[in-house]
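Residues per chain are reported as follows:
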Amino acid sequence: MIPVTKPYLPSRDKLDRYIDGIYERQWLTNNGPLVQELTKRLEEYLGVENLLLVSNGTLALQIAYRALGISGSDEPVEAITTPFTFVATASSLKWDGVQPVFVDIDADTWCLDPALIEAAITPCTRAIVPVHVFGNACDVDAIDEIGRRHDLKVVYDAAHAFGVTYKGESLLKHGDAATLSFHATKLFHSIEGGAIVFKRKEVLERARKMINFGITGPESIEELGINAKMNEFQAAMGLCVLDEMEDNLLARAQVWRRYEQALPASLQLQAKPEGLEYNCAYFPVVFESEEQAVRVAATLKENGVLARRYFYPSLESVGCLKSQSAQPVSKDIASRILCLPIFDQLDQPDQDNIIKCIKVELNV
Ligand SMILES: *Cc1c(COP(=O)(O)O)cnc(C)c1O
């Protein structure tokens, strides 16, 4: 089966050398030298400051909420977020006692629609948690401004936006914090892992304590914390993947462009704002109807290809999030979308076969 994505496996020799070093030092976790090196290299690569590595992208969100004072209070608290995302964006809020309040997406960019945010603000609202979905940029200028005007924290879930720049600068510079996931299936990965980019140094320092149980010295526990540390083996994989990022990106860009050129014009692609440098992390397409999307997915599967219904279902319909509301645009896009396989090793004959299956199914 051709999967929707494949984890990037970097040079084994190089990874072995890093692991030899770990064995020599016998320093496996707790802010080891490889975690420190990866922190510096990622700050340089991404063009950001105040980056904190953590054990996964979900804890990145949860630590960001805590460090910014969004979660952790005894009062009822809400955060405005998008229903069109991976479940972790909303479930991480709910898990930490923050009620997700969904606001619908823009029909073209599939990101949170800023025009709908203000009507959803209540006295309990503490934060806005938008998602740069599939690596597209949210309307960051409008959202940052709403956050300032209403004194709300803004945490961007940037799990898909590794390396994306907007108007010449890292997209991760927007908001009080932006979070990344380095899960094996993501563009850049450390097997499991994640990072938070904070706007302010004080918040980073607070978060640094939180990821290690709130411990600040051999006999001092300063505040409530949890274990969200990245370990040295994760960092070793991250360093190896980072070294090969250029080739990975070039191969994906080629796959991306081939789809764009060959697929029928009746399919809707994600609209991206002027000034966005995209990372080609995903290739989502919206079909004319749910029936058509489901039919294409079934045909692809018969031909050994696993396209996935990302993101389906739209999260307002997920009962455990306790946030039922009508989100017609998200519901509609979610029902008609498929993500097509994209990864560096996808070869041209396989991709041509995927394109052919879709064309046959659409009679073009
Ligand atoms: C992958 C992902 C996460 C969760 O990251 P993990 O590293 O798997 O915990 C959160 N939000 C979005 C949008 C994601 O795609």
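Look above for the structure.
A brief report on the enclosed structure follows. Quantities reported herein were computed from a predicted structural model and do not represent experimental measurements.

## Some details on the overall build of the chain
- A count of helical and extended segments in the chain gives 11 helices and 14 strands.
- Taken over the C-alpha trace, the chain has a radius of gyration of 21 Å; the compact-globule value for 364 residues is 21 Å, and the two agree within 12%.
- C-alpha extents for the chain along the principal axes are approximately 70 × 55 × 35 Å.
- Here the chain, with 364 residues, has 55% of them falling under the buried criterion.
- The contacts in the chain between residues at least 6 apart in sequence include a share of 72% that link residues at least 24 apart.
- About 16100 Å² of surface is accessible on the chain, with carbon and sulfur atoms providing 51% of the total.
- Side chains of the chain carry 36 positive and 50 negative charges; the gap between the two charge centres is 2 Å.

## A short note on the pattern of salt bridges
- Within this structure, the stated rule accounts for 17 salt bridges.
- Here Arg149 makes a salt bridge to Glu118, at a shortest N to O gap of 2.7 Å. One end of the pair, Arg149, is in helix α5 (residues 140–149); the other, Glu118, is in the loop between β3 (98–102) and β4 (125–129), and 31 residues separate them in sequence.
- Here Arg208 and Glu205 are joined by a salt bridge, their closest N and O atoms 3.0 Å apart. Of this pair, Arg208 and Glu205 both sit in helix α6 (residues 201–210), 3 residues apart, roughly one helical turn.
- Residue Arg208 is classed as partly exposed on the basis of its relative accessible area, which comes to 35%.
- Overall, Glu205 belongs to the partly exposed group, its relative accessible area being 30%.
- Beyond isolated ion pairs, a larger network of salt bridges with shared partners links Lys14, Arg41 and Asp243.

## Some words on the packing of helix α1 (residues 12–25) against helix α2 (residues 33–46)
- Here α1 crosses α2 at 135 degrees, and the two axes come no closer than 11 Å. Between α1 and α2, the angle falls in the class oblique. Touching Tyr18, Ile22 and Arg25 of α1 are Pro33, Leu34 and Glu37, all from α2.
- Of the residues that constitute the contact of α1 with α2, the class distribution is 4 nonpolar, no polar and 2 charged.

## Focus: the sheet that holds strand β12 (residues 276–277)
- Overall, antiparallel pairing links the 3 strands, which are arranged β7-β6-β12 in an open sheet. Looking along the sheet, the strands with just one partner apiece sit at the ends: β7 (169–170) and β12.
- Sheet analysis places strand β6 (residues 165–166) next to β12, joined by 2 bridges and oriented antiparallel. Considered in β12, the bridge of Tyr166 is made with Leu276.

## Side note on the packing of aromatic side chains
- Under the criterion given, the structure shown has 14 aromatic pairs.
- Ring geometry for Phe162 against Phe188: centres 4.7 Å apart, planes inclined by 10 degrees, an arrangement best described as stacked. In this pair, Phe162 is assigned in the loop between β5 (153–157) and β6 and Phe188 in the loop between β8 (177–181) and β9 (194–198), connecting sequence segments 26 residues apart. Of the two residues examined, Phe162 and Phe188, each falls in the buried class.
- Ring plane angle 70 degrees and centroid distance 5.9 Å describe the contact between Trp256 and Tyr278, whose orientation is recorded as edge-to-face.

Calculation notes
- Residues numbered from 1 in each chain as written.
- Predicted model: local features only at pLDDT ≥ 70, side-chain atom pairs only at ≥ 80, totals over all residues.
- Heavy atoms only, no water.
- Helix = DSSP H or I, 4+ residues; strand = E, 2+ residues; numbered from the N terminus.
- Rg over C-alpha atoms; globule rule 2.2 N^0.38 Å.
- Buried < 20%, exposed > 50% of the residue type's maximum accessible area, 1.4 Å probe, protein only.
- Contact = heavy atoms within 4.5 Å.
- Areas by Shrake-Rupley, 256 points an atom, 1.4 Å probe, with all protein chains shown as cover.
- Lys, Arg positive; Asp, Glu negative; His and termini not counted.
- Charge placed at Lys NZ, Arg CZ, Asp CG, Glu CD.
- Salt bridge = Lys/Arg side-chain N within 4 Å of Asp/Glu carboxyl O.
- Axes fitted to C-alpha atoms, helices over the stretch in contact; angles between N-to-C directions.
- Parallel < 35°, antiparallel > 145°, perpendicular 65-115°, else oblique.
- Nonpolar A, V, L, I, M, F, W, Y, C, P; charged D, E, K, R; others polar.
- Pairing = 2+ DSSP bridges.
- Phe/Tyr/Trp six-rings, centres within 6.5 Å; stacked < 30°, edge-to-face > 60°.

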